[in-house]
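Report on the structure
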Amino acid sequence: MTSVVAVAFMAPIGLAIAGNQKEEAIADSVRVALSNAISDARPPKPEFANIDERIQYLHWLGEMSERLKKKMPDRQVRREFLETVWYESKRAGLDSALVLGLIQVESAFRKYAISPVGAHGYMQVMPFWTRVVGDGDRRKLFHMQTNLRYGCSILRMYLDMEGGNLYLALGRYNGSRGKAPYPNAVLAAWKQWEFRK
């Protein structure tokens with residue numbers, strides 16, 4: 001296990017450490033809230049309170065696009081991905097750099113990644129979630145916006161369940177709650193995606 005962590009820090013963009021989210025009992029109110037969040041199919045259209053926020057967003061988009069160029073060479077795909085990450089992370093009340101760090105660790109930015117335990121897509125969402133809060137169609141987990149919406153909504157739920165403790169929420173997201181390697185890898189990757197104004 002220690003060698004996996006060492007490799008994760010030596011090659012942080014190339015390694016995916018997808019885990020095994022556990023299907024656990026959740027309150028009906030949480031299930032309904034998650035289901036509502038997932039079923040809202042509005043496209044990612046950013047809204048800004050003022051021109052300064054819009055300018056900051058455009059600077060963020062440009063910088064992140066440059067950083068992601070090697071992993072996603074197609075400019076249009078990269079732009080749509082980043083726009084969706086930004087929208088879904090804000091929608092869930094998450095830092096977009098955290099979401100990018102989690103994606104780096106989970107799938108290494110591979111849209112069609114499938115882990116050994118069956119997690120799907122960029123955010124490595126376990127297919128049982130489509131049954132618990134969706135329509136049961138696991139193929140939708142390979143749709144970019146759907147995958148990011150599920151992943152961000154699930155992480156937000158885990159953060160709420162853990163009283164805001166990101167370390168425990170990340171462990172729960174990965175199915176490794178209480179074990180250090182996965183949260184530490186995501187927290188390290190998060191730093192690589194921070195935007196400096």
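Quick notes on the rules
Residues numbered from 1 in each chain as written. Predicted model: local features only at pLDDT ≥ 70, side-chain atom pairs only at ≥ 80, totals over all residues. Heavy atoms only, no water. Helix = DSSP H or I, 4+ residues; strand = E, 2+ residues; numbered from the N terminus. Expected span 1.5 Å × (residues − 1). Buried < 20%, exposed > 50% of the residue type's maximum accessible area, 1.4 Å probe, protein only. Polar contact = N/O pair within 3.5 Å; in protein donor to acceptor, adjacent residues only side chain to side chain. pLDDT = per-residue confidence, 0-100. Contact = heavy atoms within 4.5 Å. Phe/Tyr/Trp six-rings, centres within 6.5 Å; stacked < 30°, edge-to-face > 60°. Core = buried A, V, L, I, M, F, W, Y, C linked by side-chain atoms within 4.5 Å. Axes fitted to C-alpha atoms, helices over the stretch in contact; angles between N-to-C directions. Left-handed = near helix turned anticlockwise from the far one by under 90°. Nonpolar A, V, L, I, M, F, W, Y, C, P; charged D, E, K, R; others polar.

A few points about helix 4 (residues 75-91)
Compared with an ideal rise of 1.5 Å per residue, which puts 17 residues at 24 Å, helix 4 spans 24 Å between its outermost C-alpha atoms and is within 8% of the ideal. Taken residue by residue, helix 4 has Arg78, Phe81, Leu82, Thr84, Val85, Trp86, Tyr87, Glu88 and Ser89 as its buried positions. Looking at where helix 4 begins, the residue whose side-chain oxygen comes 3.0 Å from the main-chain nitrogen of Gln76 is Asp74. Positive phi appears at Gly93, one or two residues downstream of helix 4, with a value of about 75°.

Some thoughts on the confidence of the model for the protein
In the predicted model, the protein carries a mean pLDDT of 85, and the fraction of residues at 70 or more is 79%. When pLDDT is averaged over each element of the protein, helix 5 (residues 96-107) comes out on top at 98 and helix 1 (residues 2-10) at the bottom at 35. Note on residues 1-17: pLDDT is under 50 here. Beyond four places in sequence and across chains, it has 32 contacts.

Here's the deal with the environment of His143
In this fold, His143 is placed in the loop between helix 6 (128-133) and helix 7 (144-161). You can call His143 partly exposed: its relative accessible area is 43%. When the C-alpha positions of His143 and Lys111 are compared, they lie 8.1 Å apart, and in sequence the two are 32 residues distant.

Here's the deal with the packing of aromatic side chains
The way to describe two aromatic rings as a pair is by their centre distance and the angle between their planes. Tallied over the full model, the rule gives ten aromatic pairs. Consider the rings of Phe48 and Trp86, whose centres lie 5.7 Å apart with planes at 40°: the pair is tilted. Placement of Phe48 in the loop between helix 2 (28-39) and helix 3 (51-68) and of Trp86 in helix 4 is noted, with a sequence separation of 38 residues between them. Taking relative accessible area as the criterion, Phe48 reaches 23% and is therefore assigned partly exposed. Taken together, the ring pairs in this structure connect Phe48, Tyr57, Trp60 and Trp86 into an aromatic cluster.

Regarding the nonpolar core
In terms of nonpolar packing, the biggest core is built from 49 residues, with Phe81, Leu100, Ile103, Met123, Trp129 and Tyr173 touching the most fellow members. Those elements that provide at least two residues to this core are helix 3, helix 4, helix 5, helix 6, helix 7, helix 8 (166-174) and helix 9 (181-192). Looking at this core, the element that brings in the most residues is helix 7, giving nine residues. Excluding residues within four positions of it along the chain, Leu100 makes contact with Trp60, Met64, Phe81, Leu82, Val85, Phe109 and Trp193.

Quick word on the packing of helix 5 against helix 8
Relative orientation of the contacting elements helix 5 and helix 8 amounts to 40°, with a least axis distance of 13 Å. Here the hand of the crossing between helix 5 and helix 8 comes out right-handed. Contact with helix 5, carried on its side by Leu98, Leu102 and Glu106, involves Leu166, Leu170, Tyr173 and Asn174 of helix 8 and no other residues of that element. Class assignment for the residues of the contact of helix 5 with helix 8 results in five nonpolar, one polar and one charged.

Quick word on the side chain of Thr130
Position of Thr130 among the secondary structure elements: in helix 6. Relative accessible area serves as the criterion here: at 2%, Thr130 is assigned to the buried category. Of note is the side chain of Thr130, whose polar atom sits 2.7 Å from the backbone oxygen of Pro127. Each residue touching Thr130, except ones within four places of it in the same chain, is listed here: Asp135, Gly136, Asp137, Arg138, Leu141 and Tyr150.

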